[in-house]
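Next come the chains, spelled out residue by residue.
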Amino acid sequence: MNLIPLFIAVPLGVAFILALLGKFKEVVSDLLAALSTLSLAILSFVLIGQLKTHGIFVYTVGKWTPPWGINLVLDGLSLLMLIVINTVSFLVILYSVSYMKKFTAKSRYYALFMLMLAGMNGVVLTGDFFNLFVFSEVAAISSYALVAFGVEAEELEASFKYMVMGSIASILILFSVGLLYGLTGSLNMADVGRMIQGRRNVFLSFSMTLFLAGFGLKAAVIPFHAWLPDAHPSAPAPISAMLSGVLIKALGVYALMRIFFNVFGMGLQLYWTFMILGCVSMIGGGLLALRQEDLKRLLAYSSISQIGYIILGLGCGNYWGIMGALFHLLNHASFKSLLFLNSGAVEYSTGTRKLEKMGGLSKVMPVTGATSTIASLSISGIPPFNGFWSKLFIIIGLIQAGHFVLAVITILVSVLTLAYYLRMQRYAFFGKLKESLEKIKEAPFLMSFSVIVLAIICLGVGILFYPVMKIVLEPAVEVLQEGIRYSSLVLGG
Amino acid sequence: MIFFLCFVIFLIGLYCVIVKKNILKIVIGIAIMEYAVNLFLILLGYRWEGVPAIVTETVTQAKFVDPLPQALVLTAIVISIATLALMVSLCIRIHQRYKTFDITKIRRLKG
Amino acid sequence: MKGMTIIVKTITKFLSPLIILFGVYIVLHGHLTPGGGFPGGVMIASCFILLTLAYGKEAAYKKLKRSTSSVVESLGVLIFLIFALLGIFVGGYFFLNFLPLGHPLKIISAGIIPLCYIGVGLEVAGAIFAVFLALVLFKAGEEKEKPQ
């Protein structure tokens, strides 16, 4: 089982090798980046079989046993996130081989991308609070630099705003980690979880609030969302896909799940907090997306809305709610990345992002139009695509828990999502073709390939949802439902 | 208590980030907040009548202060160096494009 | 950017080997005294920054190029990672301390930790000096644009 630290070591090594090899031809850095992400993606699928035979696996780094040493923990939830992160990264690297040709420093882009990937893999695999902070910072700093990659005026302003808010979040997280260390004397997640059971003093509540604020800011729930509508549109399109599809989930939602379900233990107040935050994010993101004129800004507000769904599902607490939330996490990674990559293809061909300047693009760009239609239908929850099943599970979970008002609000927001996505499709892809847009060609082959694979994933997961549920999602839901017994599993095993 | 003073320094930094208009002053506000958190972490490790946690030949069974927060703070300082370097270079580039350091005028992204 | 006065240049000529030596001392004794890779690397980088400030940009460019510091930085991290990965091949665990542990308080003790600190020291020195050069170079580029 020495494969687990490779998830962190390989991207880190490849990032610095790429920084050295920047002077050679471009093909070398393209091949190296693509091959390493492909191998990581295949490795994450191989680990599914290993997890079934071994159960939860604790890898002790340097043979120092927990709670004194650092350990990497692989359980169902980590495996789900690893599969999502590495697969989407591979497809985005393929896309950016041809999209980033117009930028000059491509090897540095790949180096920063690999650093971000190493940081995200580290966040997902670690079993230690301070490692969580360090890897979260590594990923966040790389993303600040990547958002400002093409140094136009708007990108710099967006990256500055993102950076200031992200730094404040990191400082709050470090404060909270220090507070927990002062209260318990240990930094290991399982150890801290075992020690704070049953104790409720005011410092623990303060620590929980700080974690909620810090990781909530990284996950862009509504009181802390102000950086997202500026940062995600201004970044280059593959980076927007990575940020919106993977980073806010790996850094924000995963950390919230791990800390609140497995370490602190969820109580009634925390469930209600999650549900209220999720509900407000859903409604706020949906309403604000209705009046957007910029294609990528609309997609960014829609991201806020879908993250609200995930947090609402987590706040339910029963089996179907959590299953729906995790399934929606997987689905949102696939269709939101697909939508952002398509908007990048549109921008690559037409040079604009404003909806009123586009029209009838599916006649000249058939692949982009078809896959964008698939993604819009599945994000709105139309059967047989995958979005339908995940939203259905969240609604079933809400009804089983007795929150009928919230279930009705969820259905209404789903209709709202359908409304603004249909509006986007009508403006951008259907309708009459404007004369200024007649000479556009389809996007290059590598860009179309990634987009087609993501669309096949959307359709395939929608039709084959039962095997996906049983193999990949159920172990993850089990981890979250066990809650506090995580600590005895890690330390005892 | 001394931890209350750390919190006061944190609030001073937060005041700088929220109120000041010059983006370089905002960056300095973030640096002040990071100092406050690092100070808080080191103060957590203090033990009454403790000596520095260095083992030499002359030191016998003495009462050491806790060295673990010191290692954490070292890493946190290095991370904040990287963040501040990135922020300052962004400020220089923003000045090149927008010709001003005033944040109320750097508002092209709205809505 | 021109250099400073001749007093500063003379004193820098005397002091800079001492500063580099002190930085190397802190890096190598990281497992015995406070310090280690990070502060030692910062000291080595600050010596190079002092040289750049004292002698002016043009004179410093001939000796200390930006590409050299980038290469040194990448090499430092790769040394660190190779030592961490060697732990897998030798002992079976990532980052295992596989060299002999020796007596405490001697300089050759504590396994792979001093070697890892050398890698970290190279990396931090290269990184901070590269950041400084990037900021300085950018200012120069901006001043050249103005007369046009």
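Residues numbered from 1 in each chain as written. Chains lettered and ligands numbered in written order. Predicted model: local features only at pLDDT ≥ 70, side-chain atom pairs only at ≥ 80, totals over all residues. Heavy atoms only, no water.

Bringing the overall build of chain A into the picture now. Helices and strands together make up the secondary structure of chain A, namely 19 helices and 2 strands. A compact globule built from 493 residues would reach a C-alpha radius of gyration of about 23 Å, and chain A, at 21 Å, matches this within 12%. With respect to the principal axes defined by its C-alpha atoms, chain A has extents near 70 × 60 × 40 Å. Counting all 493 residues of chain A, 67% fall into the buried class. Taking the contacts inside chain A whose residues are at least 6 apart along the sequence as the reference set, 81% of them involve residues at least 24 apart. (Helix = DSSP H or I, 4+ residues; strand = E, 2+ residues; numbered from the N terminus. Rg over C-alpha atoms; globule rule 2.2 N^0.38 Å. Buried < 20%, exposed > 50% of the residue type's maximum accessible area, 1.4 Å probe, protein only. Contact = heavy atoms within 4.5 Å.)

Each helix and strand in chain C was counted, giving 5 helices and 0 strands. Walking chain C from its N terminus toward its C terminus, one meets helices and strands in the order α-α-α-α-α. Taken across its 148 residues, chain C has 37% of its residues classed as buried. Summarising the internal contacts of chain C: among those between residues at least 6 apart in sequence, 67% fall at separations of at least 24. Accessible surface computed for chain C: about 8,400 Å², of which carbon and sulfur atoms make up 75%. (Areas by Shrake-Rupley, 256 points an atom, 1.4 Å probe, with all protein chains shown as cover.)

Residues and elements named next belong to chain A. Look at helix α3 (residues 76–99) against helix α17 (residues 445–463): their axes get within 7 Å of each other, and the N-to-C directions meet at 155°. Between α3 and α17, the crossing angle belongs to the class labelled roughly antiparallel. At the point where α3 passes α17, the crossing takes the left-handed sense. The residues of α17 that touch α3, namely those facing L91, L94, Y95, V97, S98 and Y99, are L446, M447, F449, S450, V451, V453, L454 and I457. Grouping the amino acids of the contact of α3 with α17 by side-chain chemistry returns 12 nonpolar, 2 polar and no charged. (Axes fitted to C-alpha atoms, helices over the stretch in contact; angles between N-to-C directions. Parallel < 35°, antiparallel > 145°, perpendicular 65-115°, else oblique. Left-handed = near helix turned anticlockwise from the far one by under 90°. Nonpolar A, V, L, I, M, F, W, Y, C, P; charged D, E, K, R; others polar.)

As a further point, take the packing of aromatic side chains. Inspection of the entire model under this criterion finds 30 aromatic pairs over all chains. Ring geometry for Y420 of chain A against Y421 of chain A: centres 5.2 Å apart, planes inclined by 35°, an arrangement best described as tilted. Each ring, one from F7 of chain B and one from F10 of chain B, has its centre 6.4 Å from the other, and the planes form 10°; the classification is stacked. Of the two residues, F7 of chain B and F10 of chain B both sit in helix α1 (residues 2–19), 3 residues apart, roughly one turn of that helix. Overall, the relative accessible area of 31% leaves F7 of chain B in the partly exposed class. Grouping aromatic residues by their ring pairs yields a cluster made of Y319, W320, F327, F388, W389, F393 and F465 of chain A. The ring centre of Y427 of chain A lies 4.9 Å from the NZ or CZ of R426 of chain A, which sits over that ring. (Phe/Tyr/Trp six-rings, centres within 6.5 Å; stacked < 30°, edge-to-face > 60°. Lys NZ or Arg CZ within 6 Å of the ring centre and 35° of its normal.)

Another point: the confidence of the model for chain C. Confidence in the prediction for chain C averages 80 pLDDT; 79% of positions are at 70 or higher. Looking across chain C, the model is least confident in helix α3 (residues 57–63) of chain C, with a mean pLDDT of 74, and most confident in helix α1 (residues 6–28) of chain C, with 90. (pLDDT = per-residue confidence, 0-100.)

All names here are of chain A. Grouped together as the largest cluster of nonpolar side chains are 209 residues, with contacts concentrated most on F129, F211, F260 and L326. With 20 residues, the top contributor of residues to this core is helix α10 (residues 237–264). Those residues within four positions of F260 in sequence are excluded, and the remaining contacts are M208, F211, L212, G265, M266, L270 and F274. In this structure, L312, I395, L406 and V413 belong to the second largest nonpolar core, which totals 12 residues. (Core = buried A, V, L, I, M, F, W, Y, C linked by side-chain atoms within 4.5 Å.)

Now for the side chain of K296 of chain A. Residue and element names in this part refer to chain A. When you line up the elements, K296 lands in helix α12 (residues 295–316). Buried and unpaired, K296 has no salt bridge, with E347 as the nearest side chain of opposite charge at 4.0 Å. A polar contact of 3.5 Å, which involves the side chain of K296, links it to the backbone oxygen of P233. The contact partners of K296, leaving out residues within four places of it in the chain, are H232, P233, A235, P236, A237, S240, F340, S343, E347 and R353. (Lys, Arg positive; Asp, Glu negative; His and termini not counted. Salt bridge = Lys/Arg side-chain N within 4 Å of Asp/Glu carboxyl O. Polar contact = N/O pair within 3.5 Å; in protein donor to acceptor, adjacent residues only side chain to side chain.)

Before going further, it helps to examine helix α4 (residues 106–125) of chain A. End to end, α4 of chain A covers 29 Å across 20 residues, agreeing with the expected 28 Å (1.5 Å per residue, within 8%). The buried fraction of α4 of chain A is high, at 18 of 20 residues. (Expected span 1.5 Å × (residues − 1).)

Our next topic: the interface of chain A and chain B. In this complex, chain A contributes 36 residues to the contact, which on the side of chain B involves 38 residues. Taken over both partners, the interface formed by chain A and chain B buries close to 3,200 Å², and the fraction arising from carbon and sulfur atoms is 80%. Across the chain A-chain B interface, the total number found is 2 residue pairs in polar contact (both at pLDDT 80 or more). Every element with two or more residues in the side of chain A that touches chain B is listed here: α5 (129–147), α6 (153–184), α9 (228–234) and α12 of chain A. Looking at the side of chain A that touches chain B residue by residue, the class counts come to 24 nonpolar, 6 polar and 6 charged. (Buried area = accessible area lost by both parts, 1.4 Å probe.)

A separate point is the pairing of strand β2 (residues 71–74) of chain A. All names here are of chain A. Neither face of β2 is left uncovered, since the one carrying N71 and V73 and the one carrying L72 and L74 both have all their residues buried. Strand direction decides the pairing type here: strand β1 (residues 57–60) and β2, joined by 4 bridges, are antiparallel. Paired with Y59 across the strands is L72, a residue of β2. (Pairing = 2+ DSSP bridges.)

Further remarks concern the pattern of salt bridges. Within the structure shown, the criterion is met by 10 salt bridges over all chains. Measuring nitrogen to oxygen at the nearest pair gives 2.6 Å for the salt bridge that ties D230 of chain A to K161 of chain A. Of this pair, D230 of chain A sits in helix α9 while K161 of chain A is found in helix α6, placing the two residues 69 residues apart along the sequence. R47 of chain B is paired through a salt bridge with D66 of chain B; the nearest N and O atoms lie 3.4 Å apart. Separated by 19 residues along the polypeptide, R47 of chain B in the loop between α2 (23–44) and α3 (68–98) and D66 of chain B in the loop between α2 and α3 bring together distant segments of the chain.

What follows concerns helix α15 (residues 386–401) of chain A. For α15 of chain A, with 16 residues, the first-to-last C-alpha span of 23 Å sits near the 22 Å given by 1.5 Å per residue. Listing the buried residues of α15 of chain A in full gives N386, G387, S390, K391, F393, I394, I395, G397 and L398 of chain A.

Looking now at the confidence of the model for chain A. Taken as a whole, chain A shows an average pLDDT of 85; of its residues, 99% reach a score of 70 or greater. The secondary-structure element of chain A with the lowest mean pLDDT is helix α19 (residues 485–492) of chain A, recorded at 74, while α5 of chain A shows the highest, at 92.

All names here are of chain A. Note on placement: A118 falls in helix α4. It is 11 Å that separates the C-alpha atoms of A118 and S89, two residues lying 29 residues apart in sequence. Those residues in contact with A118 that lie beyond four places of it in its chain are I8, P11, L12 and F135.

Our next topic: unusual backbone geometry. Even without being a glycine, A220 of chain A presents a positive backbone phi close to 60°. Among the structural elements, A220 of chain A can be located in the loop between α8 (202–219) and α9. The buried category is assigned to A220 of chain A, whose relative accessible area is 0%. A positive phi angle is found at K99 of chain B, which is not glycine, with a value near 65°.

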